[in-house]
Amino acid sequence: MNRTTTIALTALAPVSWGTTYAVTTQFLPPDRPLFTGLMRALPAGLVLLAIARVLPRGAWWWKATVLGALNIGAFFPLLFLSAYRLPGGMAAVVGSIGPLFVVGLSAVFLGQRPTARSVLTGAVAAFGVSLVVLKAAGALDPVGVLAALASAASMSTGTVLTKRWGRPAGVGPLALTGWQLTAGGLLIAPVAFLVEGAPPALDGRAIGGYLYLALANTAIAYWLWFRGIGRLSATQVTFLGPLSPLTAAVVGWAALGQALTAVQVAGMGVAFGATVFGQIGSRTPRVLVRGVASRGNTVTQRRRRSWPQSPAPAVASRSPHGRPEPAAVPCTAPPPAGRRPTGSGRAVVAGPESMGPESTG
């Protein structure tokens, strides 16, 4: 599969996440962010585990737990908390600085030096998103701002660590996604029941909304996301993130009757242009770690130079004293000047005037 197709499939993940707000407000019970996060993560993770039928082994038990906590268990509650406490889409603006987090974390964990191009592209993308989602509102809530920053940092760290650790041999992205969603859902469950109490009563619309969130919005979307992380650079993947608030704005205009101003349309163009620019001209960086050269998620061992070795002399005959004598073998060393054939029966090298094949007497 070529690189353009991989980028397009990975981009479907943030596009799907952009529909979360509309589905939540139109189909789900209100004021249940933790329960909604639980219903998104745990059922989806269990379904993927049933399909993959692969469980972690060894160190991957704690690695899957860490990734599940960063990408799911901590990210979902922090994201919903910031969305509820911040006005006018400010949570989306703060979250859009995720690419800048990834650029910095890639230097620490992946050995990839930040470039002016990536930093500038991340800043332009955040500016474009701010034009789309910001509206006039009151003072900012410090808890909401901290939650938004923490959610962006959590997801960014999870993305970089997913790239660094890769996958165990013989394990595909489907199983890796199932591990993380299940671990994240199990971490959310006790917090949801302690904070929000018993699950609410669900009607047909709510069940349909939760099914959409669990299957299309989470199971398939996160599978595409982690699959993309394995094939693209962490920076490339995270630059697709601004597609989520842009999709939310388009869905709000098309399905919910929300008007778009000229400034918002211009912001959409800026953010989308930065997203495309983050993919054009960049290649999956090659990192050399401990003698292993890797490009993307494909690892190849460094080849060692093989030096020619002189073969052991073959035994042609034995001397009268019973000692073995070596057989005649061609000599490839430069001939010393003045050497002449001796007629002893052994292969010798002719002088510089005769550079043809050696012969035996």
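Residue positions are given per chain, counting from 1 as you read along its sequence in written order. Two thresholds apply to this predicted model, a pLDDT of at least 70 for residue-level local features and 80 or more for giving and counting side-chain atom pairs, whereas whole-chain, interface and lining totals are computed over all residues. As a convention, hydrogens and water are excluded, and side-chain values are obtained from all of the structure's heavy atoms.

J.: Sorry, what's going on with helix α7 (residues 98–109) here?
T.: Structurally, the α-helix is built with 3.6 residues per turn, so residues lying three or four positions apart point the same way. Starting at the N terminus, helices and strands are each numbered in turn, a helix being any DSSP run of H or I of at least four residues and a strand any DSSP run of E of at least two. Helix span, as expected, comes to 1.5 Å for every residue beyond the first. Taking 1.5 Å as the rise per residue, α7 with twelve residues should run 16 Å; its terminal C-alpha atoms sit 16 Å apart, in good agreement. Taken as a whole, α7 has its buried residues at G98, P99, V102, V103, L105 and S106. Phi turns positive, to about 70°, at G111, one or two residues after α7. Accessibility here uses a 1.4 Å probe with only protein chains present; expressed as a share of the type maximum, an area under 20% marks a residue as buried, one over 50% as exposed, and anything in between as partly exposed.

J.: Where do I start with the nonpolar core in this structure?
T.: In globular proteins that are soluble, nonpolar side chains generally tend to be buried together. Residues belong to a common nonpolar core when they are buried Ala, Val, Leu, Ile, Met, Phe, Trp, Tyr or Cys residues joined through side-chain atoms within 4.5 Å. One finds W17, F76, Y222 and W225 to be the most contacted residues of the largest nonpolar core, which totals 28 residues. Contributing elements (two or more residues each) for this core: α1 (3–17), α3 (33–52), α5 (75–85), α10 (173–196) and α11 (204–231). Throughout, a residue-residue contact means that at least one pair of heavy atoms, one from each residue, lies within 4.5 Å. In contact with Y222, not counting residues within four places along its chain, are W17, R40, N71, I72, F75, F76, M155, T177 and L181. Grouped together as the second largest cluster of nonpolar side chains are ten residues, A64, L70, V171 and A175 included.

J.: Help me understand a nonpolar patch on the surface, please; the structure alone is not making it clear to me.
T.: Within this analysis, patches are made of residues with over 30% relative accessible area and no salt bridge. Like charges are joined at 9 Å or less; nonpolar side chains (Val, Leu, Ile, Met, Phe, Trp, Tyr) at 5 Å or less. Using a 1.4 Å probe, accessible areas were evaluated by the Shrake-Rupley method; residue-level cover was limited to the displayed protein chains. A carboxyl oxygen of Asp or Glu within 4 Å of a side-chain nitrogen of Lys or Arg is what we treat as a salt bridge. The grouping of V47, I51, L202, I207, L211 and L215 at the surface amounts to a nonpolar patch, some 510 Å² of accessible area in total. Only α3 and α11 provide two or more residues apiece to the nonpolar patch. Turning to its location among the elements, V47 is positioned in helix α3.

J.: When you look at the packing of α3 against α5 in this model, what are you seeing that I'm missing?
T.: When two helices pack together, you describe them by how their axes are tilted relative to each other and by the distance separating the axes. Lines fitted to the C-alpha atoms define the axes, with helices restricted to the stretch that makes contact. Angles between their N-to-C directions range from 0 to 180 degrees. Interhelical geometry of α3 versus α5 gives an angle of 145° and a closest axis separation of 9 Å. Taken as a pair, α3 and α5 cross one another with a handedness that is right-handed. Between α3 and α5, the residues in contact are P33, L34, T36, G37, R40 and A41 and F76, P77, F80 and Y84, respectively. Residues that form the contact of α3 with α5 fall into these classes: seven nonpolar, two polar and one charged. Take the far helix as the reference: if the near one is turned anticlockwise from it by less than a right angle, the crossing is left-handed, and if turned clockwise, right-handed. Amino acids outside the nonpolar list (Ala, Val, Leu, Ile, Met, Phe, Trp, Tyr, Cys, Pro) and the charged list (Asp, Glu, Lys, Arg) are all regarded as polar, and Gly is one of them.

J.: How should the environment of A153 be read in this particular structure?
T.: Along the chain, A153 turns up in helix α9 (residues 142–165). The class of A153 is partly exposed, set by a relative accessible area of 23%. Taking the C-alpha atoms as reference, A153 lies 6.8 Å from G98; in sequence the two are 55 residues apart.

J.: For this particular structure, what's the right way to read α9?
T.: Taking 1.5 Å per residue as the helical rise, α9 with its 24 residues ought to reach 34 Å, and the 34 Å between its terminal C-alpha atoms agrees with that figure. In the stretch just after α9, G166 is the one whose phi turns positive, near 65°.

J.: Please explain the packing of helix α8 (residues 116–133) against helix α14 (residues 262–277) as it appears in this structure.
T.: Relative orientation of the contacting elements α8 and α14 amounts to 155°, with a least axis distance of 7 Å. As the angle between them shows, α8 and α14 are arranged roughly antiparallel. Considering how the two elements wind past one another, α8 and α14 form a crossing that is left-handed. In contact with R117, T121, V124, A125, F127, G128, V129, L131 and V132 of α8, α14 contributes V263, Q264, G267, M268, V270, A271, A274 and F277. Classifying every residue of the contact of α8 with α14 gives twelve nonpolar, four polar and one charged. Orientation labels follow simple angle bins: below 35 degrees gives roughly parallel, above 145 gives roughly antiparallel, 65 to 115 gives roughly perpendicular, and whatever is left gives oblique.

J.: So what exactly am I meant to see when it comes to the packing of aromatic side chains here?
T.: The description of an aromatic ring pair uses the distance of the two centres, along with the angle that the planes make with each other. Here is the rule: rings of Phe, Tyr and Trp (six-membered ring for Trp) pair when centre to centre is within 6.5 Å. Planes less than 30 degrees apart are stacked, more than 60 are edge-to-face, and the remainder are tilted. Within this structure, the stated rule accounts for eight aromatic pairs. Taking the centre distance of 5.4 Å and the plane angle of 80° together, the rings of W62 and W165 count as edge-to-face. One end of the pair, W62, is in helix α4 (residues 60–73); the other, W165, is in helix α9, with 103 residues separating them in the sequence. Ring centres of Y222 and F226 lie 5.8 Å apart, and the angle between their planes is 40°; this geometry places the pair in the tilted category. On the criterion of helical spacing, the pair formed by Y222 and F226 is a turn pair, its members being four residues apart in helix α11. The two residues Y222 and F226 agree in class, both being buried.

So yeah, pure geometry; function would need other evidence.
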